[in-house]
Each structure stands twice: as structure tokens, then as C-alpha cells.
Amino acid sequence: MKVKPNNYIAMEFLSRSVNEGFARTAVAAFAAQLDPTLEEIGDIKTAVSEAVTNAIVHAYPDELGKISVRAAVFEGNVLEITVRDWGCGIADVEKARQPLYTTGGEERSGMGFTIMESFMDALIVRSKPQKGTVVTMKRKIAIRSGRR
């Protein structure tokens, strides 16, 4: 049985770089209901930015495509963020998750998945060549005394 979220948002946009800022700001605003610290909000924004940028740069290198972002709040103050594309996919996910590995040329650092993993509690990457990629990130936001 799948656990239902307490609340969620879903959005879809074209793989234009200007939409990265929108996505991270929208998810941060949604996450605000959990009363995170500024550090936690910064971590969430960074992880979303990396995931969306990866989809923009790598999934659709020669064309515009669709990206969807879903954020959900689950029991226990858990925030789950899913970034999905229907682009070229990743042939070898394990290799792509290695620090400094990139298919984006010299201007790319190859640290996207490493950064996402360091700022979130869990990172799951599923991909099929020519079908797209789904990145799911989870972060538990601590309930601090005096709050709620």
C-alpha cells in the first residue's frame, strides 16, 4: 500500500534554463509549511537546482523537452521531491553518480548527483535510455521545540 502525502504540488515546464530558478523557489516556498531553518531551505533549493539543471542540460541536449517537479509532504515532516524528464536517459546510472563524471563537456563539474546526495537524506535515480530519468530526493525537516 502506497503512503499518501499530507500535501503536494506538481508542476511542469519546458527545459529552458530560466525555469530552474522558478522550480527551486516554488519548492522552497512549498517546503516552508514545515518551518525549516534557513540552512534547510538553502539545502533544498540547492538540491532542486542541481536536479532541474541536470534535466535541462543532459536530458535534452539538442532540443526543448518537458520537465516535471513534484514535491510532497509526508507524515513525520518528510519532504519528498521528484524531478522527472522524458529525455535521452542515462545509460549507466552508477557511473553517472560518481563525482566528477559528466557528459556535459568541460564547463560541467560532474558534481550534480554528489551535491544532491550531500544535501538530502536520500537520493534515488532511475533512468532508461531514450525514456528519461526520475530523480527522487527526501529530506526530513526536524521539528524543533517551541515550534508547532
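These figures come from a predicted structure and were not determined experimentally.

Novice: I tried to follow the overall build of the protein on my own but got confused; where do I start?
Specialist: Counting secondary structure elements, the protein contains four helices and five strands. Moving toward the C terminus, one meets the helices and strands of the protein in the order β-α-α-β-β-α-α-β-β. Per-residue burial for the protein yields a buried fraction of 44% across its 148 residues. Per element, the accessible surface of the protein, about 8500 Å² overall, is 52% carbon and sulfur.

Novice: How should the side chain of Glu80 be read in this particular structure?
Specialist: As for its position among the elements, Glu80 is in strand S3 (residues 78–85). If we skip the residues at most four places from it in the chain, Glu80 touches Arg70, Ala71, Ala72, Phe74, Thr136, Met137 and Lys138.

Novice: Help me understand the pattern of salt bridges in this model?
Specialist: Pairs can form between side chains of opposite charge once their charged atoms are near each other. Enumeration over the complete set of coordinates arrives at four salt bridges. Of the charged contacts in the structure, one is a salt bridge between Asp43 and Arg139, with a shortest N-O distance of 3.0 Å. Linking Asp43 in helix H2 (residues 38–59) with Arg139 in strand S5 (residues 132–140), this pair joins segments that are 96 residues apart in sequence. Among the residues examined, Asp43 registers a relative accessible area of 12% and is labelled buried. Among the ionic pairs, Glu80 bridges to Lys138, the shortest N-O distance being 3.5 Å. With Glu80 in strand S3 and Lys138 in strand S5, this pair connects stretches of sequence that are 58 residues apart. Note on Lys138: relative accessible area 33%, which makes it partly exposed.

Novice: Where do I start with the environment of Val135 in this structure?
Specialist: Inspection of the secondary structure puts Val135 in strand S5. With relative accessibility at 6%, the residue Val135 sits in the buried group. Distance in space between the C-alpha atoms of Val135 and Asp85 is 9.0 Å, their sequence separation being 50 residues. In this structure, Val135 is in contact with Ala51, Ile81, Thr82, Val83, Phe113, Met116, Leu123, Ile124 and Val125, ignoring residues within four places of it in sequence.

Novice: Sorry if this is basic, but what is going on with the sheet that holds strand S1 (residues 7–14) here?
Specialist: Where strands meet in a sheet, backbone hydrogen bonds hold them as pairs that are either parallel or antiparallel. Strand order across the open sheet formed by five strands is S1-S2-S3-S5-S4, with antiparallel pairing between neighbours. Looking at strand neighbours, the two that pair on one side only are S1 and strand S4 (122–128), the edges of this open sheet. Shown here is a sheet whose adjacent strand axes are inclined to one another by a mean of 10 degrees, direction ignored. Across eight bridges, S3 lies against S5 in antiparallel orientation. Following the sheet pairing, Leu79 is matched in S5 by Arg139. The sheet contacts of H2 involve S1, strand S2 (66–74), S3 and S5, and relative to S3 the element is tilted by about 15 degrees.

Rules behind the numbers
Residues numbered from 1 in each chain as written. Predicted model: local features only at pLDDT ≥ 70, side-chain atom pairs only at ≥ 80, totals over all residues. Heavy atoms only, no water. Helix = DSSP H or I, 4+ residues; strand = E, 2+ residues; numbered from the N terminus. Buried < 20%, exposed > 50% of the residue type's maximum accessible area, 1.4 Å probe, protein only. Areas by Shrake-Rupley, 256 points an atom, 1.4 Å probe, with all protein chains shown as cover. Contact = heavy atoms within 4.5 Å. Salt bridge = Lys/Arg side-chain N within 4 Å of Asp/Glu carboxyl O. Pairing = 2+ DSSP bridges. Axes fitted to C-alpha atoms, helices over the stretch in contact; angles between N-to-C directions.

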